[in-house]
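What follows is each chain in one-letter form.
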Amino acid sequence: MAKRALISGISGQDGAYLAKFLLDKGYEVHGTARDAQISSFYNLQLLGLKDRIVFHSMALNDFRSVLQVLNKVQPDEIYNLAGQSSVALSFEQPVETLESISVGSLNLLEAIRFTDSPIKLYNAGSSECFGNTDGQAANEETPFRPRSPYAVAKATAFWEVANYRESYNLFACTGILFNHESPLRPERFVTMKIIKAACRIARGSTEKLYLGNISISRDWGNAEEYVEAMWLILQRRHPEDFVIATGETNTLEEFVSEVFREVGLNWRDHVISDPSLLRPSEIMVSRANPAKAFKNLQWRASLKMRDVIKIIIGTERVEIP
Ligand code: NDP
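Owing to the predicted nature of the structure, the values given are computational and were not obtained by experimental measurement.

Colleague: Any chance you could explain the packing of helix α3 (residues 63-73) against helix α5 (residues 94-115) here in plain terms?
Modeller: Two elements in contact, α3 and α5, have axes whose closest approach is 9 Å; the angle formed by their N-to-C orientations is 50°. One finds that α3 runs oblique with respect to α5. In this structure, the crossing between α3 and α5 has a hand that is right-handed. Together, F63, V66, L67, L70 and N71 of α3 and N107, L108, E110, A111, I112, F114 and T115 of α5 make up the contact between the two elements. In the contact of α3 with α5, the residues fall into eight nonpolar, three polar and one charged.

Colleague: Sorry, what's going on with the domain arrangement of the protein chain here?
Modeller: You'll often see interface size given as the accessible area lost when the parts meet. Domain boundaries in the protein chain define domain 1 (4-180 + 222-244) and domain 2 (186-218 + 249-287 + 304-315). On a C-alpha basis, the centres of domain 1 and domain 2 stand 27 Å from each other. The interface is formed by 20 residues belonging to domain 1 together with 13 residues belonging to domain 2. Carbon and sulfur atoms supply 52% of the area that domain 1 and domain 2 bury against each other, a total of about 1,400 Å² over both sides. The three residues of domain 1 that bury the most area against domain 2 are F91, R147 and N222, which together make up 30% of that side's buried surface. Between domain 1 and domain 2 we count zero salt bridges in total. Counting across the interface, domain 1 meets domain 2 through five residue pairs in polar contact (both at pLDDT 80 or more).

Colleague: Explanation requested: the site of the ligand in the structure shown.
Modeller: Taken together, 25 residues surround the ligand, and among them S11, R34, S85, E96 and Y150 come closest. Between K154 and the ligand, the recorded distance is 2.9 Å, taken from a side-chain N or O atom to an oxygen atom. Burial of the ligand by the surrounding chains reaches 88%, relative to a free accessible area of 880 Å². Put simply, the parts of the chain that give the shell around the ligand at least two residues each are α1 (13-24), α5, β5 (120-126) and α6 (149-168). Looking at the shell around the ligand element by element, the count peaks at three residues for β5. Residue composition of the shell around the ligand, by class: seven nonpolar, twelve polar and six charged.

Colleague: Could you clarify how one ought to interpret the nonpolar core in this entry?
Modeller: Note that soluble globular proteins tend to have their nonpolar side chains buried in a common cluster. Ranked by internal contacts, the top residues of the largest apolar core, which has 41 residues, are I7, L22, V29, Y79, Y122, I244 and W299. Residue assignment for this core shows that the elements contributing at least two residues are β1 (4-8), α1, β2 (28-33), β5, β6 (171-177), α8 (223-234), β11 (242-244) and α10 (291-297). Of all the elements, α8 adds the most residues to this core, at nine residues. The contacts of Y122, once residues within four sequence positions are left out, are I78, Y79, N80, L81, C173, G175, L177, M230, I233 and L234. V256, V259, F260 and I313 belong to the second largest nonpolar core, which has 26 residues in total.

Colleague: Just to check I follow, could you spell out the sheet that holds strand β4 (residues 77-80) for this structure?
Modeller: The strands that make up a sheet are held in pairs by hydrogen bonds between backbone atoms, and each pair lies either parallel or antiparallel. Taken in spatial order, the seven strands line up as β3-β2-β1-β4-β5-β6-β11 in an open sheet, and their pairing is parallel. The sheet terminates laterally at β3 (54-57) and β11, the two strands that pair on one side only. The mean angle between the axes of side-by-side strands here comes to 25°, regardless of whether they run parallel or antiparallel. As paired strands, β4 and β5 are joined by four bridges and run parallel to one another. Each residue of the ladder has a partner; that of E77, found in β5, is K120.

Cut-offs used in this document
Residues numbered from 1 in each chain as written. Predicted model: local features only at pLDDT ≥ 70, side-chain atom pairs only at ≥ 80, totals over all residues. Heavy atoms only, no water. Axes fitted to C-alpha atoms, helices over the stretch in contact; angles between N-to-C directions. Helix = DSSP H or I, 4+ residues; strand = E, 2+ residues; numbered from the N terminus. Parallel < 35°, antiparallel > 145°, perpendicular 65-115°, else oblique. Left-handed = near helix turned anticlockwise from the far one by under 90°. Contact = heavy atoms within 4.5 Å. Nonpolar A, V, L, I, M, F, W, Y, C, P; charged D, E, K, R; others polar. Domains from an automatic or database assignment. Buried area = accessible area lost by both parts, 1.4 Å probe. Salt bridge = Lys/Arg side-chain N within 4 Å of Asp/Glu carboxyl O. Polar contact = N/O pair within 3.5 Å; in protein donor to acceptor, adjacent residues only side chain to side chain. Near = heavy atom within 4 Å. Areas by Shrake-Rupley, 256 points an atom, 1.4 Å probe, with all protein chains shown as cover. Core = buried A, V, L, I, M, F, W, Y, C linked by side-chain atoms within 4.5 Å. Buried < 20%, exposed > 50% of the residue type's maximum accessible area, 1.4 Å probe, protein only. Pairing = 2+ DSSP bridges.

Right, dumping it as structure tokens:
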């Protein structure tokens, strides 16, 4: 019998790649959106998967809705990828962010407990929870010091999952993922904003690219690789949390410089610093130690920042002079 997976937030970047990964593994894949009737599932269409997935409407902040979907689908594994996922937007919509992530996770955990079935749960955690680590590489033991409403919500969901695992013996795990990009990333994220603008400028646009703080550092990987780690986390004998990252940190300035270099331009001629884009609080250096994932999951990122930039620019089909 094929295993049955339920992916919440299947319309997003990770949802689409995870759906592809699980279908290739022979899973029956069900996916939820807040309103599955009106969602175009554009990313799934792009990957040619839309017809192979069973869709359901589910509002994670509504326990009844969550319970109904769980009872109907009876999944073996749930991947909770849904929720407000932008750090920047979380400063504008803190309540929506907290509700969709932390109340959403709690409803899922309660619903699993209520159905009393051996469902395994993957929770999409975030490196944003670590905050500033003074340049130290964060691992699974590093304390959380969240610096945005998004990070506070993700930290809350992390502890909910840990608490339900300990208290009720649920197979529930968090993958603490560092930034991961792909051609499916929306333009409201700074990485895609940079790549799209650079490609348009390379094609002749005279626009300027306005950016906030480019001295921040992040660990950027490839989304398509990261979904395998999500699956591996649920295939273990015992539930545990894992940091998933490349282990390589670069500044945003290096990211910008590499993108423009890749399309044959000098970033300094096209980028303007815009103080209005600075966040109320910011993580300066995000650094990861993914050693546990390599040791226990035999998972390692093979693509680093420069590879990811090349992949995304490749899909933009820009003529490089
Ligand atoms: P996306 O934003 O692409 O997808 C998230 C999905 O969640 C959306 O497609 C949407 O589905 C749903 N959603 C959005 N806003 C809300 C809301 N307010 N309430 C309920 N549901 C909402 O995210 P990614 O695929 O990039 O990321 C997947 C998960 O991993 C997210 O939880 C994200 O926070 C987390 N993460 C991502 C990282 C990254 O670098 N990409 C890094 C670390 C963690 P719909 O509109 O169909 O309901």
